[in-house]
Amino acid sequence: MIPNLTLTVNGDRHEVHLDDARPTLLDVLRERLGLTGTKKGCDRGQCGACTVLVDGRRVNSCLTLAISVDGAEVTTIEGLARGGTLHPVQAAFVENDAFQCGFCTPGQIMSAVGLIAEGEAGDDAERIREGMSGNLCRCAAYPGITEAVRDARQRLAQNERESV
Amino acid sequence: MNLFDYVRPASVAEAVAAASAPGAAYLAGGTNLLDLMKAGTHRPARLVDITRLPGLDAIEVLPDGAIRIGALVTNADLARDPAFVAAAPAVAEALLSGASPQLRNAATVGGNVMQRTRCAYFYDPDSACNRREPGAGCDAHGGDTRGQAVLGWSEACIATHPSDFCVPLVALDAVVEIAGADGAREVALEAFHNLPGDDPANETVLRPGELITAIRLPAEAARFKAHARYLKLRERTSYAFALVSAAASLAIEDGAIVEARLALGAVAAKPWRARAAEPHLVGVSVTAAGFEEVARRAAEAALQEARPSGDNARKIELAMRVATRALVLAAAGSPARMPALPGSVFAPVPTLTAAGDVHG
Ligand SMILES: Cc1cc2nc3c(=O)[nH]c(=O)nc-3n(C[C@H](O)[C@H](O)[C@H](O)COP(=O)(O)OP(=O)(O)OC[C@H]3O[C@@H](n4cnc5c(N)ncnc54)[C@H](O)[C@@H]3O)c2cc1C
Ligand code: SF4
Ligand code: FES
Ligand code: FES
């Protein structure tokens, strides 16, 4: 028997009845909760378009069995902005020309949020590129993405300084 | 994906009982298993979700100095644990050279060791594959063989084991701790994966229902921590499996090698401990001119038995070059900080001077 799946997505608690255990977290977000900001690119862990945070860590939602993360806190691209104000990583992507078609962008932004929280890349462009290597961009907006991540990290550090 | 029964056991004993049923498979991070299920390559009747089993997610230093890594520790958490990185830098470098940050956040230690081959014909249910379906034949022969094995392969199967993590582990004599219906046992990692022989479907020594509970690095592994590197040749800079890789670990006293370990990745159906190479390095001064030639001779010994399994003879030469360079890098010393591109062939190769100074 498959129990109901409980997920807290962007702060809201959802109970989802599953017919069987097969749905991935990606499919539950898109098909059951209507959160289509998270994209399905390859569906096989090879592109990063489906990146979300599960309990604060960035993962590929296409290779996450939803029932296995029952009870988790999930953050998707829809959960970043506060009211009408973009999250600093979103703002940095807009201002640094970090996308073209935009299909990879939700995954890129969620991955950047995860990378900055991990705190290892700093401002080093090579470390940022390696830290973002799990997200492919078919439009090759990579230079803008690297700049946006660097810029966003500085904005977040600045916000933190101002809030103490 | 096929329909399956899903169970979430509360203890190791319950997990082993649930997984002893025919067609059952353990689910850890799911990054390999779900991929194979989507491809239709693996169709388990039951998934035994081990992600919530208690007691399998710790990295512990045992009283004798050995390091015990629980099977559910994620690849990312292990590669970021400061004490572990200091004790086994090449293992951390190998982990960070693999997959992507997102995948490493989900992938577990046990799942990494148990991951299946990336042979494209194994992945494609419409191709004949003895590993997937015993007796079906092997479509890899005469197909695209550039990634296939050059050591230990058989007519029945020429696939490789794709793990990076396992390569430095096998160099350091890691041990696999196993729980089963008859209690606990342990097996050297070097003896854990089977060469294909005439039964490639029999991939590891695990019996039905057996669970990996931990990987243990013996205390002696710490002897190599100052001179340990992993080098991985890929078809793109990052987020790619190894074409060939090498882990080199040297114990050096007064400028001379007292013990050497070398292992190769993506050359065989198991992480390949290159024991034949190791004696060539003992007693050698790492600062002497000509260390690179010694390293090359050791690498040639490592590949002496290699034979192409198709149109992949160049892999033998590539493996010798990667092993040589890994040894030169290890001689220069473990990096003070993890390189920006872990395991990358694009990093500059340091040169050693007679005074032992490193010029990178
Ligand atoms: C796009 C992509 C790129 C990748 N690149 C690399 C790479 O460059 N280098 C590399 O090394 N790997 C790479 N990987 C593979 C990745 O490392 C593995 O998928 C991962 O380590 C598997 O761990 P998991 O916890 O997700 O295992 P799962 O997918 O949950 O399980 C894998 C297998 O192990 C079994 N299993 C899991 N845990 C146990 C246990 N404790 N005891 C017994 N059996 C168990 C499962 O039944 C299953 O058969 C890549 C994967 C993807 C999708
Ligand atoms: S090489 Fe091995 S895994 Fe690949 S198709 Fe042949 S039998 Fe299957
Ligand atoms: S859709 Fe998940 S990695 Fe491509
Ligand atoms: S912006 Fe088009 S794929 Fe990245």
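Keep in mind that what you see is a predicted model, and the values were worked out from it rather than measured.

Here we take up the domain arrangement of chain A. All names here are of chain A. When the domains of chain A are assigned, the result is domain 1 (5-79) and domain 2 (88-163). Once you take the C-alpha centre of each, domain 1 and domain 2 turn out to be 21 Å apart. Where domain 1 abuts domain 2, roughly 1200 Å² becomes buried across the two surfaces, and 61% of that area is made up of carbon and sulfur atoms. Between domain 1 and domain 2 we count 1 salt bridge in total. The tally of links between domain 1 and domain 2 comes to 5 residue pairs in polar contact (both at pLDDT 80 or more). Residue composition of the side of domain 1 that touches domain 2, grouped by class: 5 nonpolar, 7 polar and 3 charged.

What follows covers the site of ligand 1. Residues and elements named next belong to chain B. Near ligand 1 there are 35 residues, and of these Tyr 26, Gly 30, Thr 31, Thr 108 and Asp 164 occur at the shortest range. One of the side-chain nitrogen or oxygen atoms of Thr 108 is found 2.7 Å away from an oxygen atom of ligand 1. At 3.5 Å, a backbone N or O of Asn 112 approaches an oxygen atom of ligand 1. For ligand 1, whose accessible area on its own is 980 Å², the fraction buried by protein is 96%. Those elements that place two or more of their residues in the shell around ligand 1 are strand 2 (24-27), helix 7 (109-114) and strand 8 (211-217). Examining the composition of the shell around ligand 1, we find that 4 residues originate from one element, helix 7, more than from any other. A per-class count over the shell around ligand 1 returns 18 nonpolar, 14 polar and 3 charged.

What follows concerns the sheet that holds strand 11 (residues 256-265) of chain B. On the basis of which strands lie adjacent, the open sheet formed by 4 strands has the order 9-10-11-12 (chain B) and antiparallel pairing. Each end of this open sheet is capped by a strand with a single partner; those strands are strand 9 (228-233) and strand 12 (272-273) of chain B.

What follows deals with the pairing of strand 9 of chain B. Residues and elements named next belong to chain B. Judged by how many residues are buried, strand 9 sits mostly within the fold: 6 of 6 residues are covered. Along strand 9, one buried face is formed by Ala 228, Tyr 230 and Lys 232 and the opposite face, lined by Arg 229, Leu 231 and Leu 233, is buried too. Two elements, strand 9 and strand 10 (residues 244-253), share 6 bridges in a ladder whose sense is antiparallel. Residue pairing in the sheet places Lys 232 in a bridge with Ser 245 of strand 10.

Residue and element names in this part refer to chain B. The sheet contact formed by strand 6 (residues 175-180) and strand 7 (residues 183-188) spans 6 bridges and is antiparallel. Bridge pairing in strand 7 links Val 176 to Val 187. Between strand 6 and the antiparallel strand that follows it, strand 7, lie 2 residues.

A few words now on the side chain of B:Glu177. All names here are of chain B. Mapping Glu 177 onto the fold places it in strand 6. We classify Glu 177 as buried; its relative accessible area is 10%. A polar side-chain atom of Glu 177 sits 2.7 Å from a polar atom in the side chain of Arg 68. A distance of 2.9 Å separates a polar atom in the side chain of Glu 177 from a polar atom in the side chain of Arg 216. Not counting residues within four places of it along the chain, the set of residues in contact with Glu 177 comprises Arg 68, Arg 185, Glu 186, Leu 211, Ile 212, Thr 213, Ala 214 and Arg 216.

In the vicinity of ligand 2 lie 13 residues, with B:Cys119, B:Cys129, B:Cys138, B:Cys157 and B:Ile158 positioned nearest. Tallied by class, residues from the shell around ligand 2 come to 11 nonpolar, 1 polar and 1 charged.

The next thing to look at is the interface of chain B and chain A. Listed per partner, the contact involves 39 residues of chain B and 35 residues of chain A. Of the roughly 3000 Å² buried at the junction of chain B and chain A (both faces included), carbon and sulfur atoms supply 47%. It is B:Lys38, B:Gln102 and B:Tyr239 that lose the most area in chain B upon contact with chain A, and together they represent 22% of the buried surface on that side. Linking chain B with chain A are 6 salt bridges. In this structure, B:Asp35 engages A:Arg44 in a salt bridge whose closest nitrogen and oxygen atoms are separated by 2.4 Å. Mapped onto the side of chain B that touches chain A, the elements with two or more residues apiece are helix 2 (33-39), strand 3 (46-49), helix 3 (75-80) and helix 6 (101-106) of chain B. At 5 residues, helix 6 of chain B tops the list of elements feeding residues into the side of chain B that touches chain A.

Quick notes on the rules
- Residues numbered from 1 in each chain as written.
- Chains lettered and ligands numbered in written order.
- Predicted model: local features only at pLDDT ≥ 70, side-chain atom pairs only at ≥ 80, totals over all residues.
- Heavy atoms only, no water.
- Domains from an automatic or database assignment.
- Buried area = accessible area lost by both parts, 1.4 Å probe.
- Salt bridge = Lys/Arg side-chain N within 4 Å of Asp/Glu carboxyl O.
- Polar contact = N/O pair within 3.5 Å; in protein donor to acceptor, adjacent residues only side chain to side chain.
- Nonpolar A, V, L, I, M, F, W, Y, C, P; charged D, E, K, R; others polar.
- Near = heavy atom within 4 Å.
- Areas by Shrake-Rupley, 256 points an atom, 1.4 Å probe, with all protein chains shown as cover.
- Helix = DSSP H or I, 4+ residues; strand = E, 2+ residues; numbered from the N terminus.
- Pairing = 2+ DSSP bridges.
- Buried < 20%, exposed > 50% of the residue type's maximum accessible area, 1.4 Å probe, protein only.
- Contact = heavy atoms within 4.5 Å.

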